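Residues per chain are reported as follows:
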Amino acid sequence: IVDTDNDATVKERVTIKFGVEDLNATASFLLAFEEDTLGGLQMASLLNSETILPCAVSSLYAMNTSSFSVSVSNVKEPSLDGFLSPGLDRFITGSALAAFDMYEPVLLRSAPAFFQIAVRNAINEKFQEYITEYTTKDGSSNCHTFNNNNNDDEII
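Residues numbered from 1 in each chain as written. Predicted model: local features only at pLDDT ≥ 70, side-chain atom pairs only at ≥ 80, totals over all residues. Heavy atoms only, no water.

Undergrad: Help me understand the overall build of the protein, please; the structure alone is not making it clear to me.
TA: Helices and strands together make up the secondary structure of the protein, namely 4 helices and 10 strands. A burial count over the protein gives 22% of its 156 residues as buried. For the protein, the share of sequence-separated contacts (at least 6 apart) that also reach a separation of at least 24 residues comes to 73%. Accessible area of the protein: about 11200 Å², with a carbon and sulfur share of 56%. (Helix = DSSP H or I, 4+ residues; strand = E, 2+ residues; numbered from the N terminus. Buried < 20%, exposed > 50% of the residue type's maximum accessible area, 1.4 Å probe, protein only. Contact = heavy atoms within 4.5 Å. Areas by Shrake-Rupley, 256 points an atom, 1.4 Å probe, with all protein chains shown as cover.)

Right, dumping it as C-alpha cells:
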C-alpha cells in the first residue's frame, strides 16, 4: 500500500516467481505401534473409510520423521512482477537480483540442513498433534475393539 498526498490509497499486487532444478528429496519415517491396541482393533474399524485413519493413529506409540533431506542443483533467478511504478519496479527488481546473486551459494549449501532440522521438526510436531487429536486424555479412541475378557464388542 502506497500513501499519496490526497489521502488516496494505492495497492500493488506484486508476484515473485522462482524455480529450482534437479530437486532431490528423501524422507524416512519411524512408526511404532502399541501391539495390544493394534491387535484389539476390529477389522470393521479399519475398513470404514471414515475411521481408518483415526483408528490406525490411535494405536500409534510414536510417529517420527527420522530423516528428511532435500537438495537442488540450481535455483533459477527470481522474477518480480506487478509494480505500478516503472522506477520502483527497476529498483526493487535490481535489488532482489543483487541479493539473489550474493546469497544463492549460501542458500544452496544451507538448504539440506534447513530441511533436515527445521522442516523435519515441524513435520514431527504435526505428527504429534495428529496423534493427540485422535486419542482422548486417557489414551483411548472411538474405535471398535475386541475385549478378550468377555468377548463382547466395546468402544474405548
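Here the narrative resumes.
Undergrad: Please clarify how helix H4 (residues 86-133) should be interpreted in this entry.
TA: Its 48 residues place the ends of H4 only 51 Å apart at the C-alpha level, less than the 70 Å of an ideal helix rising 1.5 Å per residue. Approximately 50° is the largest bend angle found in H4, and it occurs at Tyr103, with the proline Pro105 only one to four residues beyond. All of the buried residues in H4 are Thr93, Phe100, Glu104, Ala111, Val119, Arg120, Asn124, Phe127 and Ile131. Check the buried side of H4 and you find it contacts strand E5 (24-33), helix H3 (52-58), strand E6 (60-71), strand E7 (74-75) and strand E8 (79-81). (Expected span 1.5 Å × (residues − 1). Bend = angle between axes of the 7 residues up to and from the residue.)

Undergrad: Teacher, can you tell me more about the packing of aromatic side chains here?
TA: For any pair of aromatic rings, the description rests on two quantities: the centre-to-centre distance and the angle between the ring planes. Counted according to the given criterion, the structure contains 3 aromatic pairs. Measuring from ring centre to ring centre gives 6.0 Å for Phe68 and Phe115, while their planes differ by 55°; the resulting arrangement is tilted. On the criterion of sequence distance, the pair formed by Phe68 in strand E6 and Phe115 in helix H4 is long-range, its members being 47 residues apart. On the basis of relative accessibility, which here comes to 18%, the residue Phe68 falls in the buried class. Judged by its relative accessible area of 24%, Phe115 falls in the partly exposed class. (Phe/Tyr/Trp six-rings, centres within 6.5 Å; stacked < 30°, edge-to-face > 60°.)

Undergrad: Help me understand the nonpolar core in this model?
TA: Nonpolar side chains in soluble globular proteins tend to end up buried together. Ranked by size, the top nonpolar core spans 5 residues in total: Val57, Leu60, Met63, Phe127 and Ile131. Counting residues per element, the ones that place at least two in this core are E6 and H4. Contacts of Leu60, omitting those with residues within four sequence positions, involve Leu31, Ala32, Phe33 and Ile131. (Core = buried A, V, L, I, M, F, W, Y, C linked by side-chain atoms within 4.5 Å.)

Undergrad: Mind showing me how you'd approach the pattern of salt bridges here?
TA: Oppositely charged side chains may form a pair once their charged atoms are brought near each other. This model, assessed by the stated rule, comprises 1 salt bridge. Across the pair Lys126 and Glu129 runs a salt bridge whose closest N-O atoms are separated by 3.4 Å. One end of the pair is Lys126 and the other is Glu129, both in helix H4 and 3 residues apart, which spans about a single turn. On the basis of relative accessibility, which here comes to 54%, the residue Lys126 falls in the exposed class. Residue class for Glu129 comes out partly exposed when judged on its relative accessible area of 47%. (Salt bridge = Lys/Arg side-chain N within 4 Å of Asp/Glu carboxyl O.)

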